[in-house]
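Next come the chains, spelled out residue by residue.
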Number of protein chains: 2
Amino acid sequence: MIKTILGNIDFIESLRGKSATYILAMSNTKTADIPGITQAGIPGQIYLTPTLDSEFLCTGEVRSLEDVAKTPKGVPTPALITRAVHLLSSFKNIELLDLGIKVKPKLEYFKIHNMQIEPSNKIDEGANIDAMEVFQKGLVFGQAYELKDDYLILAESVPSGTTTATATALGLGYKCSELFSSSFKEVPNSIRNSTVTKALENITKEDDLFGVLNKVADNMLIFYAGVILGLNNKAKVVLAGGTQMACILLIVNSILKTMEADFKTTNLTLCTTKWVYEDTNSDIKAILDMLDFKINAYYADFDFALSSYPALKLYDNGEAKEGVGAGAALAYGFLNGLNKEQITKQIENLLG
Amino acid sequence: MIKTILGNIDFIESLRGKSATYILAMSNTKTADIPGITQAGIPGQIYLTPTLDSEFLCTGEVRSLEDVAKTPKGVPTPALITRAVHLLSSFKNIELLDLGIKVKPKLEYFKIHNMQIEPSNKIDEGANIDAMEVFQKGLVFGQAYELKDDYLILAESVPSGTTTATATALGLGYKCSELFSSSFKEVPNSIRNSTVTKALENITKEDDLFGVLNKVADNMLIFYAGVILGLNNKAKVVLAGGTQMACILLIVNSILKTMEADFKTTNLTLCTTKWVYEDTNSDIKAILDMLDFKINAYYADFDFALSSYPALKLYDNGEAKEGVGAGAALAYGFLNGLNKEQITKQIENLLG
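Residues numbered from 1 in each chain as written. Chains lettered and ligands numbered in written order. Predicted model: local features only at pLDDT ≥ 70, side-chain atom pairs only at ≥ 80, totals over all residues. Heavy atoms only, no water.

Draft legend 1. Local environment of the overall build of chain A. Within chain A, the regular secondary structure consists of 14 helices and 8 strands. By the compact-globule yardstick of 20 Å for 352 residues, chain A fits well, its C-alpha radius of gyration being 18 Å. Principal-axis analysis of the C-alpha atoms places the extent of chain A at approximately 55 × 40 × 40 Å. The buried share of chain A, reckoned over its 352 residues, is 63%. With the model as given, the accessible surface of chain A reaches about 13100 Å², and the carbon-plus-sulfur share is 48%. Looking at charge distribution, chain A has the averaged site of its 33 positive side-chain charges lying 2 Å from that of its 41 negative ones. (Helix = DSSP H or I, 4+ residues; strand = E, 2+ residues; numbered from the N terminus. Rg over C-alpha atoms; globule rule 2.2 N^0.38 Å. Buried < 20%, exposed > 50% of the residue type's maximum accessible area, 1.4 Å probe, protein only. Areas by Shrake-Rupley, 256 points an atom, 1.4 Å probe, with all protein chains shown as cover. Lys, Arg positive; Asp, Glu negative; His and termini not counted. Charge placed at Lys NZ, Arg CZ, Asp CG, Glu CD.)

In structure tokens:
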């Protein structure tokens, strides 16, 4: 039910039956306002997606809008998948990271770490992030973090995050222009490519690593890179996502090269969905192969073959693919005894 | 599966996947000996109900009698529901509170806190409780209690407890004569009303708050009020029951008013059954609305619609309704991934 992308199955199998703290990083980049660049939300209100995702994940209710975020074609947010797993086999703790969102989630009793970070700008005009500050906030967060459970699942909700991830990887010099994913089935290459190209044009020879991140990244990518280095292999961590999480690893890789530092990654893994793994428009394995350190990576072997809901079938046709840690959530479900039928049925129940 | 009576869903959702210690308070009031006042047990041996409930909950066996406590019409004790959830998704710890019972449960290995309290008298003749002493025992218990799990479920088994709760609430001056529940479908108003009326006639102008409790309450109500104040919001607590638990909150409310004390209730909630929530002979929401502090309250959206067992269908017809923390147990099951089908089947299996 869980398959290996890189390494072997042992790391994830060692987490079987164990309890996890699930952390959702929420961030807005104004890149998402570029028309047609993402389908992760409601046109004109894309910035609401992280807010709505967190509300739905925690309470089953969407409070800052009437309906669960739906894409124009009616692809339901992957938060549905994560919530379904949480209902059947709960994460022991859920925590939220506010890394710059326009609208705060209407939640009580759930821990929201407000990191005092502003939403970032459009990357084609320069993201204008104080990358060093965001990175150091992540670093301190990781260093100080006291894990209450057996391991940590780091997830994200950042609309147009695959675009910023692509720009970041290219900006850092990785030759991967065709390796990155998008939430669109028909990757909107013209818009995305022109945005990424414009973003990269802003980079000058004077820009060091953090100078590049200032201009083309998003808060989540930079913060999580800091968290990973701050945790320093002391806790088991599942990066819950596809090419965005792979980009975080590229950032970590670049920082380590710059620092010529020794860093253990034995407790670090990435887990995504089958839809990302099988995506013909991206290549997660090829991205991970660029890393100078070894890492285990997995995908949850789950699809909607058992469902007849047209809205869910869109996932099998390559829409949406990942987000809100859906792949790692599915793996968490499998590791705690759930099967495909149970999860499918629960997701269908949530759709109503 | 869990619905909100007061507040919003966040508090109970924040307990999803978390582990609980379940505490059952057992107490006898001789009020239960008044013929026809309660159906919570075997006529003539009503006092055995807490003993039998605790034995069955902990071991699945009824040791101090041959059969599981049944009401005259054959309504099985709600301990069946709580035991079924415990079998499917266990409470991490079960502890028993002996608050004055005639027959001690025959149990080994289960923690029984013997609080050195005697069964109380019939309220129509004066309960004759040293309310201050019982309260202080609860206070100390709460202050000293070290929670081993994520939260605490406080349940009760006190036959005729709704009668003493009604008398207590009225005795404290809350205008709620029609708001209280009973385990009968046809509330035996004549017996209950005359008992409550006689009890209230014993109260004199000289009686302060504890003077009133001395005469018309029961040990469980007073002790748990002390526990809540003793815990002082340091642990998350689910009051597991209907109108009796609401009465505890009224007592706490009255004490706080008398003391003019500041008290946080953010970690306190009440959770009951759908049968209590929908009861037309009582109004749990209206009782809770009388409180001067805010509180979240919920009910487990569970009934026996999926069962064809006549003995269980009686619940859907308004018999029994609550007890032994059935509502909170159902919610605990839902919060740990159980569904209605599984719970129904397990309860049916227990009935045999």
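Don't stop here, the text continues.
Draft legend 2. Spotlight on the sheet that holds strand β2 (residues 20-26) of chain A. Residue and element names in this part refer to chain A. Strand order in the open sheet made by the 8 strands is β1-β8-β7-β6-β5-β2-β3-β4, with mixed pairing throughout. The sheet is open, and its two borders are formed by β1 (2-6) and β4 (111-114), each paired with just one other strand. Each strand of the sheet is rotated relative to its neighbour by a mean of 25°, with strand direction disregarded. Two elements, strand β6 (residues 236-240) and strand β7 (residues 268-273), share 4 bridges in a ladder whose sense is parallel. Residue pairing for β7: Ala240 is matched across the bridge by Cys271. (Pairing = 2+ DSSP bridges. Axes fitted to C-alpha atoms, helices over the stretch in contact; angles between N-to-C directions.)

Draft legend 3. The arrangement of the sheet that holds strand β1 (residues 2-6) of chain B in detail. Residue and element names in this part refer to chain B. The mixed open sheet is built from 8 strands, whose spatial order is β1-β8-β7-β6-β5-β2-β3-β4. Bordering the open sheet on either side are β1 and β4 (111-114), each of which pairs with just one other strand. Each strand axis lies, on average, 25° off the axis of its neighbour in the sheet, ignoring direction. The pairing of strand β7 (residues 268-273) with strand β8 (residues 296-300) spans 5 bridges and is parallel. Of the residues in β8, the one forming a bridge with Thr273 is Ala300.

Draft legend 4. The arrangement of the packing of helix α4 (residues 131-144) of chain B against helix α7 (residues 209-216) of chain B in detail. Residue and element names in this part refer to chain B. The interhelical angle for the contact between α4 and α7, taken along N-to-C directions, is 100°, at an axis separation of 8 Å. Between α4 and α7, the angle falls in the class roughly perpendicular. When α4 is examined against α7, the residues Ala131, Met132 and Phe135 are found in contact with a partner set consisting of Phe210, Leu213 and Asn214. Partitioned by chemical class, the residues of the contact of α4 with α7 number 5 nonpolar, 1 polar and no charged. (Parallel < 35°, antiparallel > 145°, perpendicular 65-115°, else oblique. Contact = heavy atoms within 4.5 Å. Nonpolar A, V, L, I, M, F, W, Y, C, P; charged D, E, K, R; others polar.)

Draft legend 5. Quick peek at the interface of chain B and chain A. Taken together, the contacts link 19 residues of chain B with 17 residues of chain A. Summed over both sides, the interface of chain B with chain A buries roughly 1300 Å², with 45% coming from carbon and sulfur. When residues of chain B are sorted by the area they lose upon contact with chain A, Asp10(B), Glu13(B) and Arg16(B) head the list and together hold 41% of the total. Between the two partners, chain B and chain A, sit 3 salt bridges. Asp10(B) is paired through a salt bridge with Arg63(A); the nearest N and O atoms lie 2.7 Å apart. On inspection of chain B and its partner chain A, the count reaches 11 residue pairs in polar contact (both at pLDDT 80 or more). (Buried area = accessible area lost by both parts, 1.4 Å probe. Salt bridge = Lys/Arg side-chain N within 4 Å of Asp/Glu carboxyl O. Polar contact = N/O pair within 3.5 Å; in protein donor to acceptor, adjacent residues only side chain to side chain.)

Draft legend 6. Highlighting helix α9 (residues 243-259) of chain B. All names here are of chain B. With 17 residues, α9 extends 24 Å between its outermost C-alpha atoms, agreeing within 8% with the 24 Å of an ideal straight helix rising 1.5 Å per residue. Of all 17 residues in α9, 14 are buried; the element is thus mostly enclosed. Positioned one or two residues after α9, Glu260 has a phi angle of 50°, which is positive. (Expected span 1.5 Å × (residues − 1).)

Draft legend 7. Quick peek at the pairing of strand β6 (residues 236-240) of chain B. Residue and element names in this part refer to chain B. Within β6, 4 of the 5 residues are buried, leaving the element largely enclosed by the surrounding structure. Relative to β6, strand β5 (residues 151-157) is paired through 4 bridges, and the arrangement is parallel. When the sheet's bridge partners are listed, Leu152 is paired in β6 with Val237. Once you follow β6 into α9 and on to β7, the crossover reads as right-handed. (Right-handed = clockwise from strand over helix to strand, strands pointing away.)

Draft legend 8. Fine view of the relation of the copies chain B and chain A. Mapping chain B onto chain A leaves a residual RMSD of 0.0 Å; the transformation is a rotation of 118° accompanied by 0.5 Å of translation along its axis. The two molecules are tied by a three-fold rotation axis, judged by turn and shift. (Least-squares fit on C-alpha atoms with pLDDT ≥ 70 in both.)

Draft legend 9. Molecular detail of the packing of aromatic side chains. On inspection of all chains with the given rule, the structure shows 25 aromatic pairs over all chains. Both rings, one in Phe302(B) and one in Phe304(B), keep their centres 5.2 Å apart while their planes meet at 85°; by these two values the pair is edge-to-face. A single burial state applies to Phe302(B) and to Phe304(B), both of which are buried. Feature note: the residues Tyr22(A), Phe91(A), Tyr151(A) and Tyr332(A) constitute an aromatic cluster, connected by ring pairs. (Phe/Tyr/Trp six-rings, centres within 6.5 Å; stacked < 30°, edge-to-face > 60°.)

Draft legend 10. Local environment of the environment of Ala297(A). Residue and element names in this part refer to chain A. Of note, Ala297 is situated in strand β8 (residues 296-300). The class for Ala297 is buried, based on a relative accessible area of 0%. When the C-alpha positions of Ala297 and Asp218 are compared, they lie 23 Å apart, and in sequence the two are 79 residues distant. Not counting residues up to four positions away in its chain, the partners in contact with Ala297 are Lys3, Thr4, Ile5, Leu6, Thr269, Leu270 and Leu288.

Draft legend 11. Fine view of the side chain of Ser307(A). Residue and element names in this part refer to chain A. Looking at where Ser307 falls in the secondary structure, it is placed in the loop between β8 and α12 (310-316). A polar contact is formed between the side chain of Ser307 and the side chain of Glu348, at a distance of 2.6 Å. Excluding residues within four positions of it along the chain, Ser307 makes contact with Leu312, Lys313, Thr344 and Glu348.

Draft legend 12. Main features of the environment of Thr266(B). In this fold, Thr266(B) is placed in the loop between α9 and β7. Taking the relative accessible area as the measure of exposure, Thr266(B) reaches 41% and is therefore partly exposed. Between the C-alpha atoms of Thr266(B) and Lys234(B), which are 32 residues apart in sequence, the distance is 9.7 Å. Sequence-distant contacts of Thr266(B), that is, excluding residues within four places in its chain, are made with Tyr109(A), Phe11(B) and Asn233(B). A polar contact is formed between the side chain of Thr266(B) and the side chain of Asn233(B), at a distance of 2.8 Å.

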